[in-house]
Protein chains: 2
Amino acid sequence: MKPTLRAVAEAVGVSRSTVSNAYGRPDQLSPQLRQRILETARQMGYPGPDPTARSLRRGFVGAIGVLFTSRLSYAFTDPFAVRFLTGVAEAAERHDSNLLLVPLPDDAVGARTAVENAAVDGFCVYCAGDEEGILDTIRGRGLPFVTTSSRPRADDLWVGIDERAAARSAATHLTALGHRRVALLGHDVLPDAPAGPLRVDDVADVPHPTTRDRLAGFADAFAAAGVAWSDLTVLTATDNTRVAGAAAVRSLPSLPEPPTAVLACSDVLALGALDVLRPDGEPGPRVSVTGFDDIAEAEAAGLTTIRQPGEAKGRSAATLLFDPPVDAAAGQILLPTTLVVRSSSGPAPRS
Amino acid sequence: MKPTLRAVAEAVGVSRSTVSNAYGRPDQLSPQLRQRILETARQMGYPGPDPTARSLRRGFVGAIGVLFTSRLSYAFTDPFAVRFLTGVAEAAERHDSNLLLVPLPDDAVGARTAVENAAVDGFCVYCAGDEEGILDTIRGRGLPFVTTSSRPRADDLWVGIDERAAARSAATHLTALGHRRVALLGHDVLPDAPAGPLRVDDVADVPHPTTRDRLAGFADAFAAAGVAWSDLTVLTATDNTRVAGAAAVRSLPSLPEPPTAVLACSDVLALGALDVLRPDGEPGPRVSVTGFDDIAEAEAAGLTTIRQPGEAKGRSAATLLFDPPVDAAAGQILLPTTLVVRSSSGPAPRS
DNA sequence: TTGAAAGCGGTACCAC
DNA sequence: GTGGTACCGCTTTCAA
């Protein structure tokens, strides 16, 4: 068993407070005494104050939690998520804080427990499925948090983009190119739906807030071009990954009237769609595909997409957490997006 | 202030133990009582047992730490590191554990403090600069850990590759192609050295263990081909990033006798070198470049490199941490590597 | 099934 | 500059 601070105190013949001060407040005791304490501590193999005990007493931990929906390993599967994390890490570092990555199980109770058990000083919520349930749990703990989802309460800290408007701009780009028969691709559009086309009566039924907003934005543009929601094909992918994106569009070409374009809710999905719909060197008319995020791979693939600032999103989120602004208005940061047109989108073929 | 378990106990009129059991050991009390407790707790806004206090009492945290040299945000800068993390995350998840990302400051005392203050049950050490100092600190805390560096002690848990042999195979590939005048590129080859060529009297002087082993491996192959260490150009990059790689090779072409090949210690460095030495479409003789890791970008760039299994490395490391094998021999896992030849390497031009 | 009491390892306020 | 002394909030024998 490792010796405790107490044991060191006894060995040196001073009080526990003094030993504690030797570590945490060097200026509270004479250098000689401090030296003597540190020396005996070393000899005894005392590893220094226990982090957990210290946290308990001090009332803060020195780490912030990042909450991810679905499995933690997925967090690294989407380059955009990695960029977000990079930004968070950067800010955390500046504040001498560690980062606790917390995977959220799919079930509500599991997620609740995960949030309740995380030893952190606050949370960055990245794209949680059951957003509201999670946020309530965090509020219950009385911890500060920052959301990146699309529907913040007025008094929540938030950093994000105008999802709907951004999505609309991508869709408008396609309507301008003449596309009218299109497919919208998102992940987890409806709970437990198998990959591929599915029927969605109302966008509002889509539980995942980001997916919902983006789909709604797509729909806005098509409505403006005279295409009703019910005329759009909705595709769901089982994950937000490239392979899932590919799987989701597999059946498209064999539809009676195949869409001339696919609008994806993320670049990874879009790239998967490209893998299937525009394999290298294939001749003939090509389906247009657009993505969302503008990850690094998008450029090489020539993917038309919506660019949003990933690192900045993470950095702003963490900064908001560490230095909450005094007035509520400054607690909501809207980041800009840009439509980046590349070769994956083109005019609709004459029908 | 949030109510405590104590307050709940008083409110319900039971002992603290009973309330504690209501959360952690449902079978220790009657369902009715438990229900009553949980209900009052909810009404009072009690968020459940405090994670820190629980950890202190129980003696374990439910999180493992991942140690990174240099700034934490760099952790995400190298795709190979991300793959490693993915593997760790996967295993951690399976063991219901969170991941604490711990950035290690460059200075020894800072690093020491970071390790001492991390509230975790064990560490995965990913490529730490002052490896030994760090490991000693961890040992001091009495926590289990897994290394991925190249010089494990016999009783340490370790997962890695044969760095030197792998590097040699890349270099042998180049000697076979006739290259004799080459440059070796690593990051932080010597402390605080500026980017570019530098003089290294002895490979053993290189502090970073991985860089050292890989350089040594390169040298092995050239020695076998009759090229002495002193005839090799050594380049250092200031970081393990693409831009740093580019900066490091900038001066190469203007040397009196420019090398015909660059062997980099990582893919990101190699890609940076390619950016400078083989810009798209440039005519004329081209410098050969090899990398290390085989990250996703390597394929698209046609980079000849050494492939090592990133996720498996992370997964094995974490698994070793969670389920330490009984016999020491099983605690050291050697992963395979492969030379992947692509278009970035070719025959040396006649001199 | 429930309660009492003893910590887990420290920190910080306040006297001396 | 140093020591005394309450806690921080919970878990866990062990006895009732």
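Only a predicted model underlies this, so the values are computations on that prediction, with no experimental measurement involved.

Novice: Explain the overall build of chain A here, please?
Specialist: Assigned secondary structure in chain A consists of 13 helices and 13 strands. Against the compact-globule benchmark of 20 Å for 351 residues, chain A has a radius of gyration of 26 Å, which places it well outside the compact range. If one aligns the C-alpha atoms of chain A with their principal axes, the spans along those axes are about 90 × 40 × 35 Å. When the 351 residues of chain A are sorted by exposure, 52% land in the buried category. Counting only contacts in chain A whose residues sit at least 6 apart along the sequence, the fraction spanning at least 24 positions is 71%. For chain A, the accessible area works out to roughly 15200 Å², and carbon and sulfur atoms hold 52% of it. Both charge centroids of chain A, one from 34 positive and one from 41 negative side chains, sit 5 Å from each other.

Novice: Would you mind showing me how to read the relation of the copies chain A and chain B here?
Specialist: Between the two copies of the chain lies a rotation about an axis combined with a shift along it. Note on the copies: chain A fits chain B at an RMSD of 0.1 Å, the axial shift is 0.1 Å, and the rotation between them is 180°. Given the turn and translation reported, the copies of this chain are related as if by a two-fold rotation axis. Residue Leu100 of chain A, judged by its C-alpha, is the member of chain A lying nearest the rotation axis, at 2.2 Å. Same-surface contact between copies: 100% of interface residues of chain A are shared with the interface of chain B.

Novice: Is there a simple way to think about the protein's contact with DNA strand D in this case?
Specialist: The full set close to DNA strand D counts 27 residues, and Arg57 of chain A together with Arg16, Ser20, Tyr46 and Arg57 of chain B are the nearest of them. Here the atoms of DNA strand D within 4 Å of the protein split so that 58% fall in sugar or phosphate, with bases taking the remainder. Between DNA strand D and the protein, one listed contact pairs a base nitrogen with a side-chain N or O atom of Arg16 of chain B at 2.4 Å. Arg54 of chain B places a side-chain nitrogen or oxygen 2.8 Å from a phosphate oxygen of DNA strand D. If you list the elements that add at least two residues to the surface near DNA strand D, you get α2 (16-24) and α4 (51-58) of chain A together with α2 (16-24) and α4 (51-58) of chain B.

Novice: I tried to follow the packing of aromatic side chains on my own but got confused; where do I start?
Specialist: Each pair of aromatic rings is reported with the distance of its centres and the angle of its planes. Summed over all chains, the structure comprises six aromatic pairs over all chains. With a centroid separation of 5.5 Å and 55° between ring planes, the pair formed by Phe68 of chain A and Tyr126 of chain A is classed as tilted. In this pair, Phe68 of chain A is assigned in strand β1 (residues 63-68) and Tyr126 of chain A in strand β3 (residues 123-126), connecting sequence segments 58 residues apart. The exposure classification of Phe68 of chain A matches that of Tyr126 of chain A, with both residues buried. Lying across the ring of Phe292 of chain B, Arg214 of chain B places its NZ or CZ 3.7 Å from the centre.

Novice: Would you take a moment to explain the protein's contact with DNA strand C for this structure?
Specialist: Taken together, 26 residues are adjacent to DNA strand C, and Leu5, Ser20, Tyr46 and Arg57 of chain A together with Thr18 of chain B come closest. Sugar plus phosphate: this is where 55% of the atoms of DNA strand C within 4 Å of the protein reside. The separation between a phosphate oxygen of DNA strand C and a polar main-chain atom of Leu5 of chain A is 2.7 Å. A distance of 3.1 Å separates a phosphate oxygen of DNA strand C from a polar atom in the backbone of Ser30 of chain B. For the surface near DNA strand C, the elements supplying multiple residues, two or more each, are α2 and α4 of chain A together with α2 and α4 of chain B. Class assignment for the residues of the surface near DNA strand C results in nine nonpolar, ten polar and seven charged.

Novice: Help me understand the sheet that holds strand β10 (residues 288-290) of chain A, please; the structure alone is not making it clear to me.
Specialist: Sheet strands line up and pair through hydrogen bonds in the backbone, either parallel or antiparallel. All names here are of chain A. The five strands are arranged β7-β8-β6-β9-β10 in an open sheet whose pairing can be described as mixed. The open sheet has two edge strands with one neighbour each: β7 (196-198) and β10. Neighbour to neighbour, the strand axes of the sheet diverge by 30° on average, direction disregarded. Note: β7 against strand β8 (residues 233-237), three bridges, orientation antiparallel. Across the sheet, residue Gly196 finds its bridge partner in β8, namely Thr236. This element, helix α9 (residues 209-224), spans β6 (182-187) and β9 (261-264) of the sheet and lies at about 170° to β6. Across the face of the sheet, helix α10 (residues 242-249) comes into contact with β6, β7 and β8 while running at roughly 140° to β8.

Novice: How should I be thinking about the interface of chain A and chain B in this particular structure?
Specialist: Accessible area lost on assembly of the parts is the figure often given for the size of an interface. Between chain A and chain B, the contact holds 36 residues from the first and 36 residues from the second. Of the roughly 3000 Å² buried at the junction of chain A and chain B (both faces included), carbon and sulfur atoms supply 64%. In this assembly, chain A and chain B are joined by six residue pairs in polar contact (both at pLDDT 80 or more). When the residues that make up the side of chain A that touches chain B are grouped by side-chain class, the tally is 19 nonpolar, nine polar and eight charged. As defined by bridge partners, strand β2 (residues 98-103) of chain A adjoins strand β2 (residues 98-103) of chain B across three bridges and the pair is classed as antiparallel. Among the inter-strand pairings, Leu101 of chain A is bridged to a residue of β2 of chain B, identified as Leu99 of chain B.

Novice: Would you mind showing me how to read the pattern of salt bridges here?
Specialist: It is possible for side chains of opposite charge to pair when their charged atoms get near one another. Following the criterion strictly, the structure yields 32 salt bridges over all chains and no others. A salt bridge links Asp220 of chain B to Arg168 of chain B, with the shortest nitrogen-to-oxygen separation between them at 3.3 Å. Here Asp220 of chain B is found in helix α9 (residues 209-224), whereas its partner Arg168 of chain B is found in helix α8 (residues 163-176), with 52 residues between them in sequence. Put simply, Glu132, Asp136, Arg139, Arg153 and Asp156 of chain A are held in one network by salt bridges that share partners.

Novice: Would you take a moment to explain α2 of chain A for this structure?
Specialist: Given 3.6 residues per turn, any residue in an α-helix points the same way as the ones three and four places further on. Residues and elements named next belong to chain A. All of the buried residues along α2 are Thr18, Val19 and Ala22. Angular distribution of buried residues about the axis of α2 spans 100°; they occupy a single face of the element. On its buried face, α2 sits against α1 (5-12) and α3 (31-44).

Novice: What exactly am I supposed to notice about the sheet that holds strand β6 (residues 182-187) of chain B here?
Specialist: All names here are of chain B. Taking strand neighbours across the sheet as the criterion, the five strands line up as β7-β8-β6-β9-β10 in an open arrangement whose pairing is mixed. Each having just a single partner strand, β7 (196-198) and β10 (288-290) make up the two edges of the open sheet. Between one strand axis and the next, the sheet turns by 30° as a mean value, whatever way the strands run. As paired strands, β6 and strand β9 (residues 261-264) are joined by four bridges and run parallel to one another. Each residue of the ladder has a partner; that of Leu184, found in β9, is Leu263. Sheet strands touched by helix α11 (residues 267-277): β6, β8 (233-237), β9 and β10. Its angle to β10, the strand with the most contacts, is close to 165°.

Novice: What am I meant to see in unusual backbone geometry here?
Specialist: Most peptide bonds take the trans form, and the phi angle of most residues other than glycine is negative. Look at Asp188 of chain A: it is not a glycine, yet its phi comes out positive at around 50°. Structurally, Asp188 of chain A is set in the loop between β6 and β7.

Novice: Looking at this structure, I do not really get the UniProt feature "domain: HTH lacI-type" (unreviewed entry) in chain A. What am I missing?
Specialist: With numbering matched to this structure, UniProt assigns "domain: HTH lacI-type" (unreviewed entry) to residues 3-58 of chain A. What you have in residues 3-58 of chain A is 70% helix and 0% strand, and the ends, taken at the C-alpha atoms, are 21 Å apart.

Novice: Explain the nonpolar core to me, please; I cannot follow it from the model alone.
Specialist: Nonpolar side chains in soluble globular proteins generally cluster together in the buried interior. Phe76, Leu99 and Leu185 of chain A together with Phe76, Leu99 and Leu185 of chain B are the most contacted members of the largest nonpolar core, which has 154 residues in total. Among all residues touching Phe76 of chain B, those that are not within four sequence positions of it are Phe76, Val82, Leu85, Thr86 and Ala89 of chain A together with Val82, Leu85 and Leu101 of chain B. If you look at the next biggest cluster of nonpolar residues, it comprises 34 residues, including Leu104 of chain A together with Val102, Ala118 and Leu143 of chain B.

Novice: I'm lost on the environment of Glu163 of chain A in this one. Help?
Specialist: Residue and element names in this part refer to chain A. Mapped onto the elements, Glu163 comes out in helix α8 (residues 163-176). When the C-alpha atoms of Glu163 and Arg141 are compared, they prove to be 29 Å apart, with 22 residues separating the residues in sequence. Sequence-distant contacts of Glu163, defined by excluding residues within four places in its chain, comprise Ser150, Thr210, Asp213, Arg214, Phe292 and Lys313.

Basis of the calculations
- Residues numbered from 1 in each chain as written.
- Chains lettered and ligands numbered in written order.
- Predicted model: local features only at pLDDT ≥ 70, side-chain atom pairs only at ≥ 80, totals over all residues.
- Heavy atoms only, no water.
- Helix = DSSP H or I, 4+ residues; strand = E, 2+ residues; numbered from the N terminus.
- Rg over C-alpha atoms; globule rule 2.2 N^0.38 Å.
- Buried < 20%, exposed > 50% of the residue type's maximum accessible area, 1.4 Å probe, protein only.
- Contact = heavy atoms within 4.5 Å.
- Areas by Shrake-Rupley, 256 points an atom, 1.4 Å probe, with all protein chains shown as cover.
- Lys, Arg positive; Asp, Glu negative; His and termini not counted.
- Charge placed at Lys NZ, Arg CZ, Asp CG, Glu CD.
- Least-squares fit on C-alpha atoms with pLDDT ≥ 70 in both.
- Near = heavy atom within 4 Å.
- Polar contact = N/O pair within 3.5 Å; in protein donor to acceptor, adjacent residues only side chain to side chain.
- Phe/Tyr/Trp six-rings, centres within 6.5 Å; stacked < 30°, edge-to-face > 60°.
- Lys NZ or Arg CZ within 6 Å of the ring centre and 35° of its normal.
- Nonpolar A, V, L, I, M, F, W, Y, C, P; charged D, E, K, R; others polar.
- Pairing = 2+ DSSP bridges.
- Axes fitted to C-alpha atoms, helices over the stretch in contact; angles between N-to-C directions.
- Buried area = accessible area lost by both parts, 1.4 Å probe.
- Salt bridge = Lys/Arg side-chain N within 4 Å of Asp/Glu carboxyl O.
- Arc of directions from axis to C-beta.
- UniProt positions renumbered as here; feature names shortened; annotations may be inferred.
- Core = buried A, V, L, I, M, F, W, Y, C linked by side-chain atoms within 4.5 Å.

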